[in-house]
Amino acid sequence: MALADLAPVERNEEGIAAVLGILRQRFGERFQTGQAIREQHGHTTTYIPNQLPDGVAFVETTEEVSEIVRVCAEHTVPVIAFGVGSSLEGHVNAPGGGISIDMSRMNRVLAVNAEDLDCTVEAGVTREELNTYLRDTGLFFPIDPGANASLGGMASTRASGTNAVRYGTMRENVLSLTAVMPDGRIVKTGGRARKSSAGYDLTRLLVGSEGTLGIITALTLRLQGIPQAISGGVCPFPSLKTACEAVIQTIQLGIPVARIELVNTLGMQSINSYSKLDYPESPCLFIEFHGTDAGVQEQAEMFGEIADEFGGGPFRWTNVAEERAKLWKARHDAYWAGMALRPGCQNLTTDVCVPISRLAECIEETEIDIAETDLIAPIVGHVGDGNFHVMILVDPDDAEEIARAEGFVSRLNERALSMEGTCTGEHGIGQGKVKYLELEHGAGIDTMKAIKRAIDPLNIMNPGKLFALD
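What comes next concerns the included structure. Within each chain, residue numbers correspond to sequence positions counted from 1 in written order. Residues qualify for local features only when their pLDDT is at least 70, as the model is predicted, and side-chain atom pairs are given and counted only at 80 or more; totals for whole chains, interfaces and linings, by contrast, use all residues. With hydrogens and water set aside, each side-chain value is computed from the structure's full complement of heavy atoms.

Secondary structure counts use DSSP, requiring at least four H or I residues in a row for a helix and at least two E residues in a row for a strand, with both numbered from the N terminus. Helix and strand content of the protein chain: 17 helices and 18 strands. When we talk radius of gyration, it's over C-alpha atoms, and the globule rule is simply 2.2 Å times the number of residues to the 0.38. Compactness check: the protein chain gives a C-alpha radius of gyration of 22 Å against a globular reference of 23 Å for 470 residues, within 12% of the reference. With respect to the three principal axes, the spread of C-alpha positions in the protein chain is 65 × 60 × 40 Å. A buried classification covers 57% of the 470 residues belonging to the protein chain. Per-residue accessibility, obtained with a 1.4 Å probe over protein chains only, is compared with the maximum for each type, and a residue is labelled buried under 20%, exposed over 50%, and partly exposed between these values.

Now the structure itself:
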């Protein structure tokens, strides 16, 4: 993707120069303008070109975020929130320059209300840090996008991941939040009540807004009790189609599966090579069940019968924690395993989501398209909710190969939309999926732009993402 293909954002050189001086004086060593750190904060984990901010502020409080935003608003300078930089669609790039606000020092767990199954955290807390903190309470936070992402970033992109089929996405698990708005005002969107009919749902408006309406600085989250028993395993299938059909039947029969992940043959080959494992090198489902001892055994046995019906198996499962951890470590390392298939290449990673009844058809057509386009592209997916990912490995110096990859991505998104799906189940739009958002929502984009203009009239909050403002 060339810079010319991205939504343009005009630089305000005079305003940027003024803000750099003010923030350097205010924050001292906590404000950095060195090339390397700016590259890190403009980085992207895909092939979208790096667009650097002009400075990086390491904040420690909501009030400091507010102060920076007020200064940037006064001088019409862009502001981009930064968690850990694990997003895949160029969300943290700075196409018009500006200030990156690094939230990593806002990493405190503010409260745990075990009786109410909720907690309040600062936005820089990562999901692994939260679950380590909760370990002795008997509770856990279930949303697991794979990367050890910050919870503020996960809310901003409406992340989900491996557990979404049972526990939902960030949309369902954020009760309320604190955000700094484009004029610097601090807004709290609600309390800890499990439901409310009081006014507009500002929480849901900001969750998934990708930092374009405000910067999330704290969140109140739903928690879950750690299950009495957990079982899980890997089940091979003769084809992607039969694996997907087994998923569909599992969901339609109401088996309360906690995780059900698909990896295609190439993905399994890469996982075995990278993680030094010996799983079957055919399409496989990684499955996990939560519940009582008797419940997880019954669920595993029922799934085994379904797998057998579609020619899959044997389904080998275990309730030994160490063995399950090894299984899911391999699944979470699929990104790095895929990258190892073509050392020195970059990846174009994309995702779509379709109704579960269309999943087998969509994935089967996608794998045929990959073969016909002559691409190296492993497939993995959170298939319990119809969501799957394709990692296309491309030579950054091969314009023809990049063109083939981009053509494939267009067809994939159009295919998902034609099946009444969405252009992204969890990656978000960022810069990479702008044209597909327009294709998906049509005139609805005008309403989104109206909201953006009303809340952020200066267009300083993560500009160039989601859509281009006219």
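Let's shift gears to the packing of helix α9 (residues 240-252) against helix α11 (residues 293-309). Interhelical geometry of α9 versus α11 gives an angle of 140° and a closest axis separation of 9 Å. In terms of their interaxial angle, α9 and α11 are classed as oblique. The two elements α9 and α11 cross, and the hand of that crossing is right-handed. Contacts between α9 and α11 involve Ala 246, Gln 249 and Thr 250 from the first element and Phe 303, Ile 306 and Glu 309 from the second. For this classification, the nonpolar set comprises Ala, Val, Leu, Ile, Met, Phe, Trp, Tyr, Cys and Pro, the charged set comprises Asp, Glu, Lys and Arg, and every other residue, Gly included, is treated as polar. Classifying every residue of the contact of α9 with α11 gives three nonpolar, two polar and one charged. Fitted lines through C-alpha atoms serve as axes, helices being fitted only where they are in contact, and the angles separating the N-to-C directions of these axes extend from 0 to 180 degrees. If an angle is under 35 degrees, it is roughly parallel; if it is over 145, roughly antiparallel; if it lies from 65 to 115, roughly perpendicular; otherwise it is oblique. Definitions for this section: a left-handed crossing has its near helix turned counterclockwise from the far helix by less than a right angle. A right-handed crossing has that turn clockwise. Should any heavy atoms of two residues lie within 4.5 Å, those residues are considered in contact.

With that out of the way, let us pick up the layout of surface pockets. Here a cavity means grid points, on a 1 Å grid over the protein atoms only, where a 1.4 Å probe fits yet cannot get out; a pocket means an open set of points with protein on both sides within 12 Å along at least five of seven lines; lining residues are those with an atom within 4 Å of a point. Grid points are joined across faces, edges and corners, and a volume is the space filled by probe spheres set on the points. Taken as a whole, the second largest pocket spans an internal volume of roughly 790 Å³. Surrounding the second largest pocket, 35 residues form its lining, Arg 158, Val 207, Gly 208, Thr 424 and His 441 being those nearest its centre. Those elements giving two or more residues to the lining of the second largest pocket turn out to be α7 (170-173), α8 (202-206), α16 (434-441) and α17 (444-455). Considered class by class, the residues forming the lining of the second largest pocket number 13 nonpolar, 13 polar and nine charged.

For the structure shown, the criterion picks out one cavity of 30 Å³ or more. As a volume, the largest cavity reaches approximately 30 Å³. Around the largest cavity, the lining residues are Gly 161, Thr 162, Ala 164, Val 165, Ile 260, Glu 261, His 382, Val 383, Gly 384 and Asp 385. At the level of elements, α6 (164-167) and β13 (257-263) are the ones that each hand at least two residues to the lining of the largest cavity. A per-class count over the lining of the largest cavity returns four nonpolar, four polar and two charged.

In this sheet, strand β6 (residues 118-122) lies alongside strand β5 (residues 109-113) in antiparallel orientation, the contact comprising four bridges. Bridge pairing in β6 links Val 112 to Cys 119. Two strands are said to pair when DSSP picks up at least two bridges between them. Between the end of β5 and the start of β6, which pair antiparallel, lie four residues, with Leu 117 showing a positive phi angle near 55°.

All right, on to the sheet that holds strand β1 (residues 31-32) then. With respect to topology, four strands assemble into an open sheet ordered β1-β2-β4-β3, the strand pairing being mixed. At either margin of the open sheet sits one strand with a lone partner, and together these are β1 and β3 (79-82). The strands touched by helix α3 (residues 62-74) within the sheet are β2 (55-58), β3 and β4 (99-102), with β4 carrying the most contacts at an inclination of about 175°.

Attention now moves to the side chain of Thr 120. Here Thr 120 lies in strand β6. Accessibility expressed as a relative area gives 17% for Thr 120, which makes it buried. Polar contact is the term for a pair of N or O atoms within 3.5 Å; when the atoms are in protein, one must be able to donate a hydrogen and the other to accept it, and sequence-neighboring residues count only if both atoms are side-chain atoms. At 2.9 Å, the side chain of Thr 120 forms a polar contact with the side chain of Thr 220. Thr 120 has contacts with Val 109, Leu 110, Ala 111, Leu 219 and Thr 220, leaving out every residue within four places of it along the chain.

In this scheme Phe, Tyr and Trp rings, the latter by its six-membered ring, pair at centre separations within 6.5 Å, and the angle between planes marks the pair as stacked below 30 degrees, edge-to-face above 60, and tilted otherwise. Inspection of every chain in the model, using the stated rule, returns five aromatic pairs. Here Phe 140 and Tyr 167 contribute two aromatic rings whose centre-to-centre distance is 5.7 Å and whose plane-to-plane angle is 90°, an arrangement assigned as edge-to-face. Of this pair, Phe 140 sits in strand β7 (residues 139-140) while Tyr 167 is found in helix α6, placing the two residues 27 residues apart along the sequence. With a relative accessible area of 15%, Phe 140 lands in the buried category. Considering the side-chain rings of Tyr 279 and Phe 286, the 5.8 Å spacing of their centres and the 75° angle between planes classify their relative orientation as edge-to-face.

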